[in-house]
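Given next are the chains, with one letter for each unit.
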Amino acid sequence: EGPGHAAEVGSDGGDEGIITIQSGSFSPPLDLQVGPNTLSITITAQDSETTVTYTIIITRMGPSCDAALEALDITHLIPTPPSHHPLTPPFHPVKYKRFYTGSVRSSTMYVSVRPSARDPLHHNITVNGHVVMTNSLSQDIPVPVCPTGPAHCTPPPLHIHVIVTAQDPLFT
């Protein structure tokens, strides 16, 4: 350590990837490939002959392929007060059910979905084609009503499509 000392940093690529930096300085950003990357750091003493080499292996992970949800809720905000509606079967992140049903009161005009990704840093979630951040409410989704009124009518079903795409887009 001290002024005048230098270190050489090289990567798997041999001599062409060697850079020299002064003691106490940071190297420029290094291009890491997916998988293990071997870095060699050679410290040269003031006598310019004595060296010590350190080897560091940095493993860069590939894109996440986790496209699962940790939680999924249906909520209505109108009419007030807001209310949570349970799903059938109850949502369970490990059982990987793909289809759920839920019921709301006849006075409910809109519902929202709150999807929560299991891997919150590496995902893209859409609800009926609109991007939604993990653990955030979707846009208001209108609940179908009976054209003749609620007295003797079963409204058409409301289909809500929640799609989670992992950082690796091959996994949804």
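Below you will find a few notes about this structure.

Here is what the cut-offs are and how they apply
- Residues numbered from 1 in each chain as written.
- Predicted model: local features only at pLDDT ≥ 70, side-chain atom pairs only at ≥ 80, totals over all residues.
- Heavy atoms only, no water.
- Helix = DSSP H or I, 4+ residues; strand = E, 2+ residues; numbered from the N terminus.
- Buried < 20%, exposed > 50% of the residue type's maximum accessible area, 1.4 Å probe, protein only.
- Contact = heavy atoms within 4.5 Å.
- Areas by Shrake-Rupley, 256 points an atom, 1.4 Å probe, with all protein chains shown as cover.
- Polar contact = N/O pair within 3.5 Å; in protein donor to acceptor, adjacent residues only side chain to side chain.
- Pairing = 2+ DSSP bridges.
- Axes fitted to C-alpha atoms, helices over the stretch in contact; angles between N-to-C directions.
- Salt bridge = Lys/Arg side-chain N within 4 Å of Asp/Glu carboxyl O.

## Let's talk about the overall build of the chain
Reasoning step 1: From N to C terminus, the chain includes zero helices and eleven strands.
Reasoning step 2: Relative to its full complement of 172 residues, the chain shows a buried share of 24%.
Reasoning step 3: The long-range share in the chain, meaning contacts at least 24 apart out of those at least 6 apart in sequence, stands at 50%.
Reasoning step 4: A total of about 11,800 Å² of accessible surface is found on the chain, and carbon and sulfur atoms cover 58% of it.

## A short note on the side chain of S112
Reasoning step 1: Here S112 is to be found in strand β7 (residues 110-117).
Reasoning step 2: Judged by relative accessible area, S112 falls into the buried class, the value being 2%.
Reasoning step 3: For S112, the side chain forms a polar contact with the side chain of D140, separated by 3.3 Å.
Reasoning step 4: Not counting the four nearest positions on each side in its chain, S112 is found in contact with D73, I74, T75, L137, S138, Q139 and D140.

## Re the sheet that holds strand β10 (residues 141-142)
Reasoning step 1: Strand order across the open sheet formed by four strands is β6-β5-β7-β10, with antiparallel pairing between neighbours. The sheet is open, and its two borders are formed by β6 (83-85) and β10, each paired with just one other strand.
Reasoning step 2: Sheet topology places strand β5 (residues 69-76) next to β7; six bridges connect them, and they run antiparallel. Directly across from I74, in β7, lies its bridge partner V113.

## Some words on the sheet that holds strand β8 (residues 123-127)
Strand pairing in a sheet takes place through backbone hydrogen bonds and is either antiparallel or parallel in direction.
Reasoning step 1: One open sheet holds the three strands; their spatial order is β9-β8-β11, and the pairing between them is antiparallel. Since the sheet does not close on itself, it has two edges, and those belong to β9 (130-132) and β11 (162-166), each with one partner. Adjacent strand axes in the sheet meet at a mean angle of 35 degrees, parallel and antiparallel pairs treated alike.
Reasoning step 2: Pairing analysis gives five bridges linking β8 to β11, with the strands arranged antiparallel.

## What about the pairing of strand β3 (residues 35-44)?
Reasoning step 1: Alignment of β3 against strand β4 (residues 51-60), held across ten bridges, turns out to be antiparallel. Across the sheet, residue G35 finds its bridge partner in β4, namely R60.
Reasoning step 2: Hairpin connection of β3 to β4: six residues between the antiparallel strands, including S48 at a positive phi of 65 degrees.

## Points about the pattern of salt bridges
Reasoning step 1: By the definition in use, this model includes one salt bridge.
Reasoning step 2: In this structure, the salt-bridge partner of R118 is D66, at a minimum N-O distance of 3.0 Å. Taken as a pair, R118 in the loop between β7 and β8 and D66 in the loop between β4 and β5 lie far apart in primary sequence, 52 residues in all.

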